[in-house]
4 protein chains.
Amino acid sequence: MVINHSEVKVRYQETDQMGVVYHANYLVWFEIGRTNLIEQLGFRYADMEREDVLSPVIDIQAKYKYPLRYGQTAKVKTWIKKYDGFRVVYGYEIHNEDDQLCVTGVSSHVCVKRSNFKPISIRKQFPDWHEAYKKASGEE
Amino acid sequence: MVINHSEVKVRYQETDQMGVVYHANYLVWFEIGRTNLIEQLGFRYADMEREDVLSPVIDIQAKYKYPLRYGQTAKVKTWIKKYDGFRVVYGYEIHNEDDQLCVTGVSSHVCVKRSNFKPISIRKQFPDWHEAYKKASGEE
Amino acid sequence: MVINHSEVKVRYQETDQMGVVYHANYLVWFEIGRTNLIEQLGFRYADMEREDVLSPVIDIQAKYKYPLRYGQTAKVKTWIKKYDGFRVVYGYEIHNEDDQLCVTGVSSHVCVKRSNFKPISIRKQFPDWHEAYKKASGEE
Amino acid sequence: MVINHSEVKVRYQETDQMGVVYHANYLVWFEIGRTNLIEQLGFRYADMEREDVLSPVIDIQAKYKYPLRYGQTAKVKTWIKKYDGFRVVYGYEIHNEDDQLCVTGVSSHVCVKRSNFKPISIRKQFPDWHEAYKKASGEE
């Protein structure tokens, strides 16, 4: 299984008046993890969009265990939990610098045509991605 | 059961290059729903923070069924799904102007002290809120 | 001169760890003011984009005099300061509920083709908008 | 004069439906530049806040010359344009990977007490910062 390890330095803008990172911003970090995992596999999501295919989130979940703060750098771990040729399920773990687990997450994605948001088969439309995803998910 | 109905006009800033509302922004709309539901019950979250109590999200989930776009106004429905004196679980539904269901969500919250993020009992610390939450959740 | 008056209820997400609205978020409120001013003139910016014309910001300025906080509702005043058929310059003032002036701003915009970001003449391409803008700016 | 060079990889979340980075997000990148410049001078803004001193923006300006897109990495240049013991004025330039100048900016800041937002003298309260700022601004 391929795991991407990314670092994210907390931005002041990402905090809220609780003095910690605002909860929705961790979803942005998940996305950074996905972008980087895809690059680690040798692809670029921007290229997929150039072919008028989008990959929207259809389902997301996050559990908040410990807050992160401005001045800290987060470690974002991203991997492919499940892949079936259509749907990709990513898993996430965010740790702080003391290796405390702060946030966990799961998100599901499909690929759709930009024009009508109708789902397409990754296996058929992007056979290279398909092979890489199958391998990366450890299902082969 | 008390249900809050709020309207949110999509902001240009909330869109992304897919041409639709960026998925994490719906979590911000959930928060608008919570803020307004609390006001509908006769309280203000800002007052709770003035007593150095915060109410962080500990768990959030969203399912995306249909995209919303700039130029549209969303209808956000918020209610208390579950309440036990400590933890509040909110439910959400977001519809577009054609009454299509676009996003559903669930979030769980506890109350904590600002100084150490240790959980407190809502029932003990905020008896008025407790009564209102019990009633609003339909559990009484 | 036409002036748009909009109200914006501060979102928790818009605060930062200073306990006040994060400075860049006022630019989003300026945009809400612009959207509403355009609607007040009888148009919709979304319609302009449907004709593959965008109206990016080319210059923005904001002065911060007094902070706004969660729990407050801002009053955003927007007007057209200058218009010459190509460039639109908007002016902004944001007051709090006590009518204290909190933020002032100015932004300049042109219209461009989506395909290449080349500027177009509003006067020629959108004669209806042109007439409305000239009137609204008080230059006629 | 000290110049900080930071790199920012465009986040998908930072784009809008124009397909480019939303204009207000460049102000967040300015802030990343400031944070990093301060660290380059041997300080941490988080430490200043620990002493209950904040450094809000009182004035900001940005000029947009060329759009940045998802898939690109921006180069953010930050320096101290002016410093007088009270007010710090930062200058910014953002280039894309082809060294095209995309955005320029200027922001002014003072230091204030968290409790009342009253300005304080950097020279008196933070003599070490004062010396470093004077040097970094090239005024000594």
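Predicted, not measured: the structure shown is a model, and the values here were computed from it.

So, how was this worked out
Residues numbered from 1 in each chain as written. Chains lettered and ligands numbered in written order. Predicted model: local features only at pLDDT ≥ 70, side-chain atom pairs only at ≥ 80, totals over all residues. Least-squares fit on C-alpha atoms with pLDDT ≥ 70 in both. Contact = placed C-beta atoms within 7 Å. Pairing = 2+ DSSP bridges. Helix = DSSP H or I, 4+ residues; strand = E, 2+ residues; numbered from the N terminus. Nonpolar A, V, L, I, M, F, W, Y, C, P; charged D, E, K, R; others polar. Expected span 1.5 Å × (residues − 1). Buried ≥ 20, exposed ≤ 12 C-beta atoms within 10 Å, placed from the backbone.

(A) Main features of the relation of the copies chain A and chain B. Note on the identical chains: chain A maps onto chain B by a rotation of 180° and an axial translation of 0.0 Å, with an RMSD of 0.0 Å. Here the copies are linked by what is in effect a two-fold axis. Residues of chain A ranked by C-alpha distance from the rotation axis are headed by Gln61(A), positioned 2.2 Å from it. Both copies contact each other with a shared surface, as 100% of the interface residues of chain A are interface residues in chain B too.

(B) Quick look at the sheet that holds strand S8 (residues 119–120) of chain A. Residues and elements named next belong to chain A. Strand order in the open sheet formed by three strands is S2-S7-S8, and the pairing between neighbours is antiparallel. Looking at the sheet topology across the chains shown, the edges are occupied by strand S2 (53–54) and S8. Bridge count for strand S7 (residues 111–113) against S8 is two bridges, and the pairing is antiparallel. Bridged to Cys111 within S8 is Ile120.

(C) Region of the structure containing the relation of the copies chain D and chain C. Once chain D is rotated about the relating axis by 180° and shifted along it by 0.0 Å, it coincides with chain C to within an RMSD of 0.0 Å. Most of the interface of chain D is mirrored in chain C, where 100% of its interface residues are also at the interface.

(D) Representation of the sheet that holds strand S8 (residues 119–120) of chain D. Residues and elements named next belong to chain D. The strand order S2-S7-S8 describes an open sheet built from three strands, whose pairing is antiparallel. Lying at the two open borders of the sheet, with one neighbouring strand each, are strand S2 (53–54) and S8. As judged from the two bridges shared by S2 and strand S7 (residues 111–113), these two strands associate in the antiparallel manner. Each bridged residue has a counterpart across the sheet, and for Leu54 the counterpart in S7 is Val112.

(E) Region of interest: the interface of chain D and chain C. Contacts between the two partners involve 17 residues from chain D and, on the opposite side, 17 residues from chain C. In terms of residues, the side of chain D that touches chain C owes the most to one element, strand S3 (residues 57–64) of chain D, which gives eight residues. Counted by class, the side of chain D that touches chain C contains 13 nonpolar, two polar and two charged residues. In the sheet, strand S3 (residues 57–64) of chain C pairs with S3(D) via five bridges, with the strands oriented antiparallel. Each residue of the ladder has a partner; that of Gln61(C), found in S3(D), is Gln61(D).

(F) How the structure looks around helix H1 (residues 25–40) of chain A. All names here are of chain A. The first and last C-alpha atoms of H1 sit 23 Å apart over 16 residues, in line with the 22 Å expected at 1.5 Å per residue. Burial analysis of H1 places 13 of its 16 residues in the buried class, which makes it a mostly covered element. Phi turns positive one or two residues past the end of H1, at Gly42, with a value near 100°.

(G) A look at the pairing of strand S5 (residues 88–95) of chain D. Residue and element names in this part refer to chain D. Only one face of S5 is buried, namely the one carrying Val88, Tyr90, Tyr92 and Ile94, since none of Val89, Gly91, Glu93 and His95 on the opposite face is buried. The sheet contact formed by strand S4 (residues 73–83) and S5 spans eight bridges and is antiparallel. By the bridge assignment, Trp79 is partnered in S5 with Gly91. Following S4, the chain reverses through four residues before pairing antiparallel with S5; Gly85 in that reversal takes a positive phi of roughly 95°. Note that S5 and strand S6 (residues 101–109) share eight bridges and pair antiparallel.

(H) Molecular detail of the interface of chain A and chain B. Listed per partner, the contact involves 17 residues of chain A and 17 residues of chain B. Mapped by element, the contributors of at least two residues to the side of chain A that touches chain B are H1 and strand S3 (57–64) of chain A. When residues in the side of chain A that touches chain B are grouped by element, the largest group, eight residues, is from S3(A). A per-class count over the side of chain A that touches chain B returns 13 nonpolar, two polar and two charged.

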